[in-house]
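# Survey of secondary and tertiary structure
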Amino acid sequence: MKNFTSVYDIDNLQNIIAKALKIKENPLENPTKGKGKTIGLVFLNSSLRTRLSSQIAAQNLGLNVLVLNAAQEAWNLEFADGTVMNGDTVEHIKDAIEVLNQYCDIIAVRCFAGMKNKEDDVNESILSQFLKHAKVPVVSLESATRHPLQSLADCITITENWPFDKLKINRKPKVVLTWAPHIKPIAQAVGNSFTEWMQQMDVDFVITNPEGYDLDKNFTKETPVIHNQEQALKDADFIYVKNWSSFDDYANMPKVEGDWMLTNEKLEVTNQAKVMHCLPVRRNLELSDEVMDGKNSIIYQQAKNRIFSAQAVFSEILDELNKC
Amino acid sequence: MKNFTSVYDIDNLQNIIAKALKIKENPLENPTKGKGKTIGLVFLNSSLRTRLSSQIAAQNLGLNVLVLNAAQEAWNLEFADGTVMNGDTVEHIKDAIEVLNQYCDIIAVRCFAGMKNKEDDVNESILSQFLKHAKVPVVSLESATRHPLQSLADCITITENWPFDKLKINRKPKVVLTWAPHIKPIAQAVGNSFTEWMQQMDVDFVITNPEGYDLDKNFTKETPVIHNQEQALKDADFIYVKNWSSFDDYANMPKVEGDWMLTNEKLEVTNQAKVMHCLPVRRNLELSDEVMDGKNSIIYQQAKNRIFSAQAVFSEILDELNKC
Amino acid sequence: MKNFTSVYDIDNLQNIIAKALKIKENPLENPTKGKGKTIGLVFLNSSLRTRLSSQIAAQNLGLNVLVLNAAQEAWNLEFADGTVMNGDTVEHIKDAIEVLNQYCDIIAVRCFAGMKNKEDDVNESILSQFLKHAKVPVVSLESATRHPLQSLADCITITENWPFDKLKINRKPKVVLTWAPHIKPIAQAVGNSFTEWMQQMDVDFVITNPEGYDLDKNFTKETPVIHNQEQALKDADFIYVKNWSSFDDYANMPKVEGDWMLTNEKLEVTNQAKVMHCLPVRRNLELSDEVMDGKNSIIYQQAKNRIFSAQAVFSEILDELNKC
């Protein structure tokens with residue numbers, strides 16, 4: 001694996017899920033694979049799970065880890081090419097990346113959508129600079145439009161909870177991505193990314209969201225988008241809860257009819273669906289306490305699988321680097 | 001040891017002091033005891049000594065260390081149960097703790113008193129959530145009402161300076177905890193905690209503070225509280241200097257008569273008392289430069305012992321974990 | 001080596017450059033030299049290169065690394081001696097240093113010029129406290145008047161690009177330090193420091209800056225200072241680009257005639273000069289995109305050499321410590 005920024009960087013999804021599940025059985029089976037190599041974890045945004053799980057995964061492989069909270073610890077970054085830097089920005093992102101090239105064997109970066117300029121976000125204005133200027137592998141720790149390490153962890157978690165091959169279940173699981181309420185405009189990255197990965201999984205996948213909240217067609221493609229949540233949830237085996245703001249009316253929050261918060265009552269029409277969320281979650285807004293703390297939730301299992309998702313990816317990248 | 005949040009988590013105080021002193025002689029005698037295990041150091045508040053000494057202690061034992069400055073690096077936390085999270089808070093503390101459960105073998109947390117609501121602080125509104133939701137051992141790096149790693153370091157330091165068993169000193173040392181001036185309302189945690197630990201030590205212990213500044217009776221119990229500083233300091237062998245705000249008139253600062261700053265002049269009535277402080281200290285407000293920099297101060301020795309206090313505690317917790 | 005705060009802490013410049021170049025060939029040749037020892041990297045200011053390269057250098061030697069972002073993570077520091085600390089400052093720098101003495105085998109510190117009081121900066125009001133109170137070796141990660149790890153990296157880079165001994169070049173290279181425009185008052189530390197180190201190298205060294213921007217005579221000494229940039233650049237082999245504010249009219253920015261930004265056009269009079277900058281650089285203000293991204297730039301190579309500069313210094317300090 002050269003870079004890891006979307007599902008399209010994976011050769012074989014089933015293989016990497018299997019690999020991650022094997023790592024989960026014995027996370028320390030390759031404690032020196034990363035020996036003498038350095039991964040830089042660059043955070044342009046807040047992080048809890050990604051920050052900790054990436055460090056653990058890297059340490060399990062013997063990688064040296066550098067954590068850089070770029071905004072607080074380094075210099076205010078310029079992202080526009082060709083600009084005369086006579087304002088607030090002190091260092092151009094491409095110079096920072098060229099320096100990271102000198103210091104790191106792998107660069108991992110979190111760069112959220114700015115939510116101000118649709119084109120910038122759609123074009124991954126920051127991640128694209130990393131992909132352009134990095135001379136070492138780049139791993140996305142969530143970018144403007146995708147959160148692939150989360151999505152891989154989601155696939156691992158679904159696989160653990162739906163024994164595709166072990167039991168004689170002669171049908172695919174039904175997986176529903178359902179929009180949830182929020183108070184602020186949130187990026188579509190997790191929704192887009194989960195969609196892309198589900199399209200590669202052997203599942204029946206549907207999305208449900210209010211009108212005005214359809215995700216970018218470039219991600220949803222042939223996936224059914226249903227505007228009636230109850231109808232979508234019917235017979236669901238897995239429900240993924242996530243808020244996002246409007247893509248068409250970019251970064252705005254059109255008025256929504258009805259209450260989209262996931263509750264135990266809404267679970268009644270499902271096939272005892274397992275409930276998923278990438279966290280952080282706003283309780284009693286996106287989903288109720290009773291769902292979060294109930295027996296259907298596999299949300300903390302998902303969080304744990306972030307370690308093995310990251311470790312599988314770092315491991316494949318190290319395999320490639322160690323070939324050279 | 002399962003958790004470490006107060007003196008009551010210690011089986012035998014003399015044993016753990018002896019253990020810490022043995023570690024001090026050779027901090028690297030068990031460099032792989034924590035191998036393959038991870039400690040998460042979660043800071044909800046500022047820290048210098050605790051931050052660094054905990055990292056050193058953990059590294060000395062071969063533990064992987066994750067440091068999380070929660071407020072700056074992760075998400076704004078909600079502490080109230082059952083709330084509809086439609087405000088400024090992004091993640092509920094109990095979800096953050098459940099995630100830490102997935103990632104860490106030991107969770108250590110610093111969570112100061114909020115100093116706004118007495119009941120919240122007395123009930124340890126934050127630490128109690130960790131104790132309730134953590135599935136791994138919890139270590140307090142100072143909570144609303146106690147600072148046990150500091151208090152253990154204090155006991156180690158007193159032991160080093162009063163050779164209880166080696167010399168034929170046929171009396172207990174007199175230890176005085178004296179209130180000191182400050183300009184802001186400060187929590188009672190260090191005072192409470194030192195009191196609890198001194199009650200377990202073989203010392204004569206008294207507290208002196210201005211009227212209106214008596215510590216919580218649940219901590220002071222039978223310990224004499226004297227409102228005349230000079231009288232209290234008479235014949236002292238150890239003086240612990242610390243400010244705290246009023247407990248009765250919670251988090252306020254009732255008017256104080258006289259000057260409570262510790263000076264060399266005040267030391268004259270003592271038995272050449274050793275002077276202690278947990279740091280940080282406001283010079284020439286809590287105590288004078290001449291005391292801080294004088295021959296009576298054992299304050300930096302105290303700071304050093306924070307390493308061995310933490311290492312003894314982590315080591316006992318690892319013994320417990322390694323049993324399983 | 002006891003401390004490293006300027007070129008005067010080096011026994012033999014050629015030896016340490018050679019040592020650094022040897023480390024560059026095999027950074028992991030002494031992976032246990034620092035075993036069981038701890039370096040504290042204390043940042044009172046922002047840092048990218050210094051932060052990361054110091055960590056890598058220390059890890060390459062097997063040192064434990066503690067990173068402390070003092071302002072954000074610890075306590076607001078007091079720098080004035082004898083003051084009554086009844087204001088915003090919570091901990092005196094000398095107490096913080098005494099604590100670091102207890103925890104670290106080497107203390108490295110970044111403490112920029114405050115740019116408010118000339119005397120404070122000239123006298124290194126912060127670094128001098130470290131030198132006074134530290135009981136372990138002190139390494140400057142840039143202080144008010146010098147940036148010696150950068151300057152050593154600069155010497156390494158010039159040596160790599162001017163094979164003094166390998167080729168029969170019968171002349172010294174001409175090295176020009178040229179002032180560059182900026183929008184804010186910037187410290188003279190990099191300029192001063194580069195000047196000091198070039199004075200020890202076997203090069204022809206000149207400085208060019210606008211009138212009113214001459215560096216402190218205590219640093220420039222006999223080095224020619226030319227106020228005509230074009231004249232200074234003539235036949236240059238190396239050009240070091242850096243802004244600084246006025247020393248005489250301290251921390252101010254007297255009006256400048258002409259455009260001092262380095263462009264390809266200005267390079268025409270040089271001997272195909274290599275262009276250097278310590279980074280971060282403001283593109284199209286200090287130098288043009290075409291220079292930064294052109295074939296003359298050795299700026300990223302300089303950044304990489306920060307690792308080996310730090311590693312050579314830490315290694316010499318460890319040699320000294322390991323003697324004891």
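The structure displayed is predicted, hence computed values, not measured ones. (Residues numbered from 1 in each chain as written. Chains lettered and ligands numbered in written order. Predicted model: local features only at pLDDT ≥ 70, side-chain atom pairs only at ≥ 80, totals over all residues. Heavy atoms only, no water.)

### Points about the pairing of strand E7 (residues 174–179) of chain B
Residues and elements named next belong to chain B. Test applied: Partly exposed residues are those whose accessible area sits between 20% and 50% of the maximum for their type, while under 20% is buried and over 50% is exposed, using a 1.4 Å probe and protein chains only. Numbering of helices and strands runs from the N terminus, with a helix taken as a DSSP run of H or I at least four residues long and a strand as a DSSP run of E at least two residues long. Pairing between strands requires that DSSP locate at least two bridges from one strand to the other.
In terms of burial, E7 is a largely internal element, 6 of the 6 residues being buried. Judged by which residues are buried, E7 turns out to be covered on both faces: Lys174, Val176 and Thr178 on one side and Val175, Leu177 and Trp179 on the other are all buried. The pairing of E7 with strand E8 (residues 204–208) spans 5 bridges and is parallel. If you follow Val176 over to E8, its bridge partner there is Val206.

### Quick notes on the interface of chain C and chain A
Stated precisely, the cut-off is as follows: Residue contacts follow a heavy-atom distance rule, with two residues in contact if any of their heavy atoms lie within 4.5 Å. The term buried area denotes the loss of accessible surface (1.4 Å probe radius) that occurs when two parts are joined, taken as the sum for both partners. By definition, a salt bridge exists where a carboxyl oxygen of Asp or Glu is found within 4 Å of a side-chain nitrogen of Lys or Arg. Polar contacts here mean pairs of N or O atoms no more than 3.5 Å apart (in protein, one a potential hydrogen donor and the other a potential acceptor; neighbouring residues in sequence count only if both atoms are side-chain atoms). Gly is put with the polar residues, along with every residue not named as nonpolar or charged; the nonpolar set is Ala, Val, Leu, Ile, Met, Phe, Trp, Tyr, Cys and Pro, and the charged set is Asp, Glu, Lys and Arg.
In this assembly, 31 residues from chain C lie in contact with 28 residues from chain A. Together chain C and chain A conceal approximately 2,700 Å² of surface at their shared face, both sides included; 58% is due to carbon and sulfur atoms. Between the two partners, chain C and chain A, sit 4 salt bridges. A salt bridge links Lys94 of chain A to Asp293 of chain C; the shortest N-O distance between them is 4.0 Å. Inspection of the region where chain C meets chain A yields 15 residue pairs in polar contact (both at pLDDT 80 or more). When residues in the side of chain C that touches chain A are grouped by element, the largest group, 7 residues, is from helix H2 (residues 49–60) of chain C. Along the lines of polarity and charge, the residues of the side of chain C that touches chain A split into 14 nonpolar, 8 polar and 9 charged.

### Describing the relation of the copies chain C and chain A
The criterion, for reference: Superposition of the copies was done by least squares, using only C-alpha atoms of residues whose pLDDT is at least 70 in both.
When chain C is fitted to chain A, the residual RMSD is 0.0 Å, and the transformation amounts to a turn of 120° plus an axial shift of 0.0 Å. Accordingly, the operation relating the two chain copies is best matched by a three-fold axis. No C-alpha of chain C lies nearer the rotation axis than that of Gln72 of chain C, which sits 5.0 Å from it.

### Structural notes on the sheet that holds strand E9 (residues 225–226) of chain B
All names here are of chain B. The following threshold applies: Lines are fitted to the C-alpha atoms to define the axes, a helix being fitted only along its stretch in contact, and any angle between axes, read from their N-to-C directions, falls within 0 to 180 degrees.
Strand order in this open sheet of 5 strands is E9-E8-E7-E10-E11, and the pairing throughout is parallel. Edge positions in the open sheet fall to E9 and strand E11 (274–276), since each of these has one partner strand only. Docked against the sheet, helix H8 (residues 189–200) engages E7, E8 and strand E10 (238–242), running at close to 165° with respect to E7.

### Description of the sheet that holds strand E5 (residues 106–110) of chain A
Residue and element names in this part refer to chain A. The parallel open sheet is built from 4 strands, whose spatial order is E2-E1-E5-E6. What marks the edges here is a single partner per strand, and that holds for strand E2 (64–69) and strand E6 (138–140). Adjacent strand axes in the sheet meet at a mean angle of 20°, parallel and antiparallel pairs treated alike. Pairing geometry for E5 and E6, over 3 bridges, is parallel. Considered in E6, the bridge of Ile107 is made with Val138.

### Things to note about helix H7 (residues 148–161) of chain B
Residues and elements named next belong to chain B. We count it as follows: Each helix should span, by expectation, one fewer than its residue count multiplied by 1.5 Å.
Between its first and last C-alpha atoms H7 spans 20 Å; for 14 residues at 1.5 Å apiece the expected length is 20 Å, and the two agree. Burial analysis of H7 places 12 of its 14 residues in the buried class, which makes it a mostly covered element. Taken as a whole, H7 has its buried residues at Pro148, Leu149, Gln150, Ser151, Leu152, Ala153, Asp154, Cys155, Ile156, Thr157, Ile158 and Thr159.

### A closer look at the interface of chain B and chain A
With 28 residues of chain B in contact, the opposing surface of chain A contributes 31 residues. Regarding the contact of chain B and chain A, the summed buried area is about 2,700 Å², with carbon and sulfur atoms giving 58% of it. In terms of surface lost to chain A, no three residues of chain B exceed Trp75, Gln102 and Tyr103 of chain B, which account for 25% of the buried area on that side. Where chain B packs against chain A, one counts 4 salt bridges. The partner of Arg283 of chain A in a salt bridge is Asp95 of chain B, and the shortest N-O contact between them spans 2.7 Å. The set of elements that each furnish at least two residues to the side of chain B that touches chain A consists of strand E2 (64–69), helix H3 (70–73), strand E4 (91–92) and helix H4 (93–103) of chain B. No other element matches H4 of chain B, which puts 8 residues into the side of chain B that touches chain A.

### Let's talk about the packing of aromatic side chains
This is how the line gets drawn: Classification of ring pairs rests on two measures: the distance between centres of Phe, Tyr or Trp rings, Trp counted by its six-membered ring, which must be within 6.5 Å, and the angle between planes, read as stacked under 30 degrees, edge-to-face over 60 and tilted in between. Definition used: whenever NZ (Lys) or CZ (Arg) falls within 6 Å of the ring centre and also within 35 degrees of the ring normal, the charge is taken to sit over that ring.
All chains considered together, the criterion is met by 24 aromatic pairs over all chains. Measuring from ring centre to ring centre gives 6.0 Å for Trp179 of chain A and Trp260 of chain A, while their planes differ by 90°; the resulting arrangement is edge-to-face. Taken together, the residues span a long stretch of sequence, with Trp179 of chain A in strand E7 (residues 174–179) and Trp260 of chain A in the loop between strand E10 (238–242) and helix H11 (264–267) at a distance of 81 residues. Each member of the pair Trp179 of chain A and Trp260 of chain A is classed as buried. A connected cluster of aromatic rings, assembled from ring pairs, spans Trp179, Tyr213 and Trp260 of chain A. Positioned above the aromatic ring of Phe247 of chain A, the side-chain terminus of Lys118 of chain A is 4.0 Å from the ring centre. A cation sits over an aromatic face here: Arg51 of chain B above Phe43 of chain B, 4.4 Å from the ring centre.

### Focus: the packing of helix H1 (residues 13–25) of chain B against H7 of chain B
Relative placement of two packed helices is described by the angle separating their axes and the distance separating the axes. Residue and element names in this part refer to chain B. Just so we agree on the cut-off: Orientation is classified from the angle alone, with under 35 degrees giving roughly parallel, over 145 giving roughly antiparallel, 65 to 115 giving roughly perpendicular, and any other angle giving oblique.
The N-to-C vectors of H1 and H7 enclose an angle of 75°; their axes lie 10 Å apart at closest approach. If you check the angle between H1 and H7, you find them roughly perpendicular. Counted together, Leu13, Ile16, Ile17, Ala20, Leu21 and Lys24 of H1 and Leu152, Cys155, Ile156, Thr159 and Glu160 of H7 form the full contact between these two elements. The residue inventory of the contact of H1 with H7, partitioned by class, reads 8 nonpolar, 1 polar and 2 charged.

### Describing the relation of the copies chain B and chain A
One copy of the chain maps onto the other through a rotation about an axis followed by a shift along the same axis. Screw-axis analysis of chain B against chain A gives a translation of 0.0 Å along the axis, an RMSD of 0.0 Å, and a rotation angle of 120°. Little of the interface of chain B is mirrored in chain A: 4% of its interface residues are interface residues there too.

### Concerning the pattern of salt bridges
In total, this model carries 57 salt bridges over all chains according to the counting rule given. As a salt-bridge pair, Arg51 of chain A and Glu73 of chain B come within 3.8 Å of each other at their nearest N and O atoms. One end of the pair, Arg51 of chain A, is in helix H2 (residues 49–60); the other, Glu73 of chain B, is in helix H3, on a second chain. The exposure class of Glu73 of chain B is buried, given its relative accessible area of 8%. The salt bridge partner of Arg283 of chain B is Asp289 of chain B, with a shortest N-O separation of 2.8 Å. When sorted by exposure, Arg283 of chain B lands in the same class as Asp289 of chain B, which is buried. Residues participating in the shared-partner salt-bridge network are Asp81, Lys94 and Asp95 of chain A together with Arg283, Asp289 and Asp293 of chain C.

### Things to note about the packing of helix H7 (residues 148–161) of chain A against helix H13 (residues 299–323) of chain A
All names here are of chain A. Put simply, the rule is: Crossing handedness: left-handed means the near helix sits turned counterclockwise from the far one by under a right angle, and right-handed means the same turn made clockwise.
Look at H7 against H13: their axes get within 8 Å of each other, and the N-to-C directions meet at 115°. Like other packed secondary-structure pairs, H7 and H13 cross with a definite hand, here right-handed. Mapping the contact onto sequence places Leu149, Gln150, Leu152, Ala153, Asp154, Ile156, Thr157, Glu160 and Asn161 in H7 and Gln301, Gln302, Asn305, Arg306, Phe308, Ser309, Ala310 and Val313 in H13. By residue class, the composition of the contact of H7 with H13 is 7 nonpolar, 7 polar and 3 charged.

### Quick word on the domain arrangement of chain A
Residue and element names in this part refer to chain A. How we decide: All the domain ranges listed were derived from an automatic or database domain assignment.
The domain boundaries assigned to chain A delineate domain 1 (7–147 + 303–323) and domain 2 (150–300). Each of domain 1 and domain 2 has a C-alpha centre, and these two points are 26 Å apart. Of the residues lining the interface, 30 residues belong to domain 1; the matching set on domain 2 comes to 32 residues. For the pair domain 1 and domain 2, the summed buried area comes to about 2,600 Å², and 62% of that belongs to carbon and sulfur atoms. Contact with domain 2 buries surface across domain 1, with Met115, Lys118 and His147 losing the most and accounting together for 24% of the total. As a salt-bridge pair, Glu196 and Arg146 come within 2.7 Å of each other at their nearest N and O atoms. Remark: the boundary between domain 1 and domain 2 carries 15 residue pairs in polar contact (both at pLDDT 80 or more). Of the residues assigned to the side of domain 1 that touches domain 2, the class counts are 15 nonpolar, 7 polar and 8 charged.

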